[in-house]
Amino acid sequence: MKKIFGISFGGVEHKILNLVIFTVIIVSSVFSVIAYVHNRRLQELVAKSNREQKESITRLSSETIDNIVRNGTASNTALYAYIVDDAFHDVKNQVAMLGKYAQNLLSHPGDFKGKDVQLPAKSSNGEISIQLIPTKGMDISGQEVQQKISLIGSMDDMMTTLYGFEMVSSCFVALPEGALILADDDPAGKYDENGELCDFVLTSRPWYDGAVDSDDVYFSDISIDTFSGSVTVVCAVPVFVNGKLAAICGVDVFLNDMNAFIQSSKQESGFLCMVNGDGHVIFAPEGQDIFVPKTEEEAEGITKSNNENLATFVKDALQEKTGIREIRVDNRIYYMMGAPMKTVGWAMVSVVEKDVALRASTMMEDSYNKISESIAKEYNDSLKSAKRMQIILFVCTLLLLTALTVLIGKRIVNPLNGITKRIAELKETKEQFVMKDEFRTGDEIEILAESFADISARTALYIEEVKRITGERERMEAELSMATTIQASQVPHLFPAFPDRKDFDIYATMTPAKQVGGDFYDFFLLDDDHIALVMADVSGKGVPAALFMMVSKILIRNRLQSGDTPSQALANVNTQLLEGNDTAMFVTVWLAVLEISTGKGVAANAGHEHPVICRNNGTYELVEYRHSPAVATFEGINFRQHDFRLYPGDRIFVYTDGVPEATNDVDELFGTDRMLEALNKKPDGNPMEVIENVQAGINEFVNGAEQFDDITMLSFQYIGPEKS
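Below is a summary of the structure that appears in this document.

How each quantity is defined
- Residues numbered from 1 in each chain as written.
- Predicted model: local features only at pLDDT ≥ 70, side-chain atom pairs only at ≥ 80, totals over all residues.
- Heavy atoms only, no water.
- Helix = DSSP H or I, 4+ residues; strand = E, 2+ residues; numbered from the N terminus.
- Buried < 20%, exposed > 50% of the residue type's maximum accessible area, 1.4 Å probe, protein only.
- Contact = heavy atoms within 4.5 Å.
- Areas by Shrake-Rupley, 256 points an atom, 1.4 Å probe, with all protein chains shown as cover.
- Phe/Tyr/Trp six-rings, centres within 6.5 Å; stacked < 30°, edge-to-face > 60°.
- Lys NZ or Arg CZ within 6 Å of the ring centre and 35° of its normal.
- Pairing = 2+ DSSP bridges.
- Axes fitted to C-alpha atoms, helices over the stretch in contact; angles between N-to-C directions.
- Parallel < 35°, antiparallel > 145°, perpendicular 65-115°, else oblique.
- Left-handed = near helix turned anticlockwise from the far one by under 90°.
- Nonpolar A, V, L, I, M, F, W, Y, C, P; charged D, E, K, R; others polar.
- Salt bridge = Lys/Arg side-chain N within 4 Å of Asp/Glu carboxyl O.
- Polar contact = N/O pair within 3.5 Å; in protein donor to acceptor, adjacent residues only side chain to side chain.

1. Things to note about the overall build of the chain
Part 1: Tallying secondary structure elements over the chain gives 14 helices and 24 strands in all.
Part 2: Looking at the chain residue by residue over its 724 residues, the buried ones come to 41%.
Part 3: Restricting the contact set of the chain to residue pairs at least 6 apart, pairs at least 24 apart contribute 63%.
Part 4: By element, 53% of the accessible surface of the chain is carried by carbon and sulfur atoms, the whole surface being about 39,700 Å².

2. Some points on the packing of aromatic side chains
Part 1: Counted under the stated rule, the structure contains 13 aromatic pairs.
Part 2: Between Phe172 and Trp207, the aromatic rings sit 4.8 Å apart at their centres with planes inclined by 50 degrees, giving tilted as the arrangement. Here Phe172, found in strand 4 (residues 168-175), pairs with Trp207, found in helix 4 (residues 206-214); they are 35 residues apart in sequence, far enough to count as distant.
Part 3: Exposure remark for Phe172: the relative accessible area of 3% places this residue in the buried category.
Part 4: On the accessibility criterion, Trp207 (6% relative accessible area) is buried.
Part 5: Between Phe504 and Phe716 the ring centres are 5.7 Å apart and the planes differ by 25 degrees, which places this aromatic pair in the stacked class. Placement of the pair is Phe504 in strand 15 (residues 504-511) and Phe716 in strand 24 (residues 711-718), with a sequence separation of 212 residues.
Part 6: Of the aromatic side chains, those joined through ring pairs into one cluster are Phe495, Phe498, Phe504, Tyr507, Tyr521, Phe523 and Phe716.
Part 7: The side chain of Lys122 reaches across the aromatic face of Tyr191, ending 4.8 Å from its centre.

3. Concerning the environment of Gln131
Part 1: Relative to the elements of secondary structure, Gln131 occurs in strand 3 (residues 129-134).
Part 2: Taking C-alpha positions, Gln131 is 9.6 Å from Lys190, a pair spaced 59 residues apart along the chain.
Part 3: Beyond its immediate stretch of four places on either side in the chain, Gln131 contacts Val117, Gln118, Pro120, Leu180, Ile181, Leu182, Asp184, Pro187 and Lys190.

4. Some remarks on the sheet that holds strand 20 (residues 612-614)
Part 1: If you walk across this open sheet you meet the five strands as 15-24-23-20-21, and the pairing is antiparallel. The sheet is open, and its two edges are formed by strand 15 and strand 21 (620-622), each paired on a single side. On average, each strand axis in the sheet is inclined to that of its neighbour by 15 degrees, with strand direction left out of account.
Part 2: Across eight bridges, strand 15 lies against strand 24 in antiparallel orientation. Note that in strand 24 the partner of Asp505 across the bridge is Gln717.
Part 3: Contacting strand 20, strand 21 and strand 23 (651-655), helix 12 (residues 671-679) runs over the sheet at an angle of about 155 degrees to strand 21.
Part 4: Packing against the sheet, helix 13 (residues 687-702) makes contact with strand 15, strand 21, strand 23 and strand 24, and its axis sits at approximately 150 degrees to strand 24.

5. Let's talk about the packing of helix 10 (residues 542-561) against helix 11 (residues 566-578)
The relative placement of two packed helices is expressed as an angle between their axes plus a distance between the axes.
Part 1: It is at 9 Å that the axes of helix 10 and helix 11 come closest, and there the two elements cross at 140 degrees. On the basis of their axis angle, the class for helix 10 and helix 11 is oblique. By crossing handedness, the relation of helix 10 to helix 11 is classed as right-handed. Contact residues: helix 10 offers Phe548, Val551, Ser552, Leu555, Ile556, Arg559 and Leu560, while helix 11 offers Pro566, Ala569, Asn572, Val573, Gln576 and Leu577.
Part 2: In terms of residue class, the contact of helix 10 with helix 11 is built from nine nonpolar, three polar and one charged.

6. Quick look at the pattern of salt bridges
Part 1: Overall, the coordinates contain 11 salt bridges when judged by the stated rule.
Part 2: A salt bridge links Lys553 to Asp522; its shortest N-O distance comes to 3.7 Å. Placement of the pair is Lys553 in helix 10 and Asp522 in strand 16 (residues 519-527), with a sequence separation of 31 residues. When sorted by exposure, Lys553 lands in the same class as Asp522, which is buried.
Part 3: For Asp650, the salt bridge identified is with Arg615, shortest N-O distance 2.7 Å. Linking Asp650 in the loop between strand 22 (642-645) and strand 23 with Arg615 in the loop between strand 20 and strand 21, this pair joins segments that are 35 residues apart in sequence.
Part 4: In this structure Asp650 comes out as buried when scored by relative accessible area, which is 2%.
Part 5: Relative accessible area serves as the criterion here: at 38%, Arg615 is assigned to the partly exposed category.

7. Examining the packing of helix 12 against helix 13
Part 1: Where helix 12 meets helix 13, the axes come as close as 8 Å, and the angle between the chain directions of the two elements is 135 degrees. When the interaxial angle is binned, helix 12 and helix 13 end up oblique. Seen along the crossing, helix 12 lies across helix 13 with a hand that is right-handed. In this structure, helix 12 uses Arg674, Ala678 and Leu679 to contact helix 13, whose residues at the interface are Val690, Asn693, Val694 and Phe701.
Part 2: Class assignment of the residues belonging to the contact of helix 12 with helix 13 gives a composition of five nonpolar, one polar and one charged.

8. Observations concerning the pairing of strand 17 (residues 530-538)
Part 1: Taken across its nine residues, strand 17 has eight buried, putting it largely inside the fold.
Part 2: Counted between consecutive antiparallel strands, the loop separating strand 16 from strand 17 contains two residues.
Part 3: In this sheet, strand 18 (residues 587-595) lies alongside strand 17 in antiparallel orientation, the contact comprising nine bridges. Bridge pairing in strand 18 links Ala536 to Val589.

9. Describing the environment of Val538
Part 1: Assignment of secondary structure puts Val538 in strand 17.
Part 2: On the basis of relative accessibility, which here comes to 1%, the residue Val538 falls in the buried class.
Part 3: Once the C-alpha coordinates of Val538 and Asp519 are considered, the two residues, 19 residues apart in sequence, prove to be 5.9 Å apart.
Part 4: With sequence-adjacent residues up to four places away left out, Val538 is seen in contact with Gly518, Phe520, Ala545, Phe548, Met549, Met585, Phe586 and Val587.

10. Remarks on the sheet that holds strand 17
Part 1: Read from one edge to the other, the open sheet built from five strands follows the order 16-17-18-19-22, with strand pairing classed as antiparallel. Of all strands in the sheet, those with a lone pairing partner are strand 16 and strand 22, marking the two edges. Neighbour to neighbour, the strand axes of the sheet diverge by 20 degrees on average, direction disregarded.
Part 2: Sitting on the sheet, helix 10 is in contact with strand 16, strand 17 and strand 18, with an inclination near 15 degrees to strand 16.
Part 3: Docked against the sheet, helix 11 engages strand 18 and strand 19 (600-606), running at close to 150 degrees with respect to strand 18.

11. Side note on the side chain of Ser170
Part 1: Positionally, Ser170 belongs in strand 4.
Part 2: Here the side chain of Ser170 touches Asp252 through a polar contact of 2.6 Å, side chain to side chain.
Part 3: Once residues within four sequence positions are removed from consideration, Ser170 is found in contact with Tyr163, Leu182, Ala183, Asp184, Gly250, Val251 and Asp252.

12. Some points on helix 4
Part 1: Those residues of helix 4 that sit buried are Trp207, Tyr208, Gly210 and Ala211.
Part 2: In the core, the buried residues of helix 4 are packed alongside strand 4, strand 6 (218-219), strand 8 (231-241) and strand 9 (244-254).
Part 3: Just beyond helix 4, the residue with positive phi is Asp215, at close to 55 degrees.

Below is the structure:
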């Protein structure tokens, strides 16, 4: 290497200088050539583009807006129709289920215990209740009629549950003998201003005759509700026993919200409306004269309109999605699209005025002309300035980088040479790299030297630390393995759990996400006729969660065995766990006590997952209701409890959140829908088969993905004393 003007030619310093100068020259040259060619080409393209765009702007903008209107209208109309139809379909399924249940009761009256049904009580206003409304002039005092009323009364849980569904305003069962059994929260509304029960003749109602004639689930025409005065439609199904009409089951569906939605759909360019199967407009926004709601007495349906295109469009919309059609009405052209709601035989229609929709096209053309002229001027001015600036920046950058390269090269090369020499001396020995003053450059080189010194000092310590950590890890793994064994032994794990009991069957599993988890289950006999079922999930994971789990399990069992009800047991355990709970851990609990001889039970849910129930010969369904807070969250909680009843062949499935929150490799959750699908693969299976089906469904879904939460399940089958 030779030094000229302090620069070591042939060394790293010279190479850095050459690299910088060469890079600047090449980059600048290439940039200049590309910029020149690009600017020339860009000028030509801009001129050509302006000519072509100006010629086609109207056509393109019109087509674009036309497509936007078509696609947006089609998708929105189909979506709205699907949403409304899906809501009616849900109502239809619930009414069908209500009818099947009533048919089963009335076909086998001796197999079921009835329940008393009272006249509407004004004092119970605001509370959901089952009420008896007799038809004036019809005698319902006979023993056979009273028996039917009593049997329908035993459907109170199902009827009040249906009343709680969205859209449903009341749930009822009408008997041809003249009795209406109704579930709602407005008993006071059943009385007139004189305090007398309203005169309500069942057999004269349109929905009554319509349901009988249809012999299936039937949706009535829109009417005004007798008791509330709201816009409503009745969904009803006839119940026949031995070929004879025994009852009409149904619900009232209020349509006030649906009407409000249609009214709010009106915009400058269009609106939505609904048409029934006869072509009459049911709902349409005010202020437009195309689709005007009129009764049959006022006008014929649109399907009989003199406008053949409009009539054909409505007929087609009642059968299938029509796609966008251009229809002329009163010398104006409209985009129209319809989609059927087959459950009720209606159609959703979307209307957009074509001229209003395409109004933006003209505005876009004018705006384009102004913007194009302004941009062309700015571009030419900027191009001239950029050429001058490019030359100045190139010269200044080259000079500045050359000077900086010389200065920086010396600061980099000299310390690096010293570090390299020192490392070469130490590579054959076990000595440590020691920091020297010549390496203290105040930049990355000093950091590099300090890193070498630190690494050299730490290497020996690291080797010793690895040995120590390895031994400690082996000891901890042994302790965790023992803790897992202890935890598993704390829950019932021998099955069959009660081999001498034939009136019920039970099975449960627990799979921790770590070696030690926080989930637990428990079941035990309080006496020969009462069994306690527990499913719980402790916050957190690992050994702390396992310890909290064992304490919670012992406390819950002790409180139940001491005679507490489920709500009392949770309240007492809540108080005990809050004492000294510095870690702020808590536990969600589902707890039930079942009287085996009768199937009557009491349950309490402290922030846990919804249980799942399967009635005999039915399918598994979620039982959703309002929960209490989790145990050990705060003091003085009054835990809710509720009664339930199991019949021979019924099944209960409870679980922790590890089941619906099991995640596959694309972060999808298993969810309750897939869980119910797995349960219903064999709903009549024994408890072990039920849990194996759910576990198989989870394994297939996650497909080997890592388990992040404990998975705990318990299945209980009530056989009953008669079957046993």
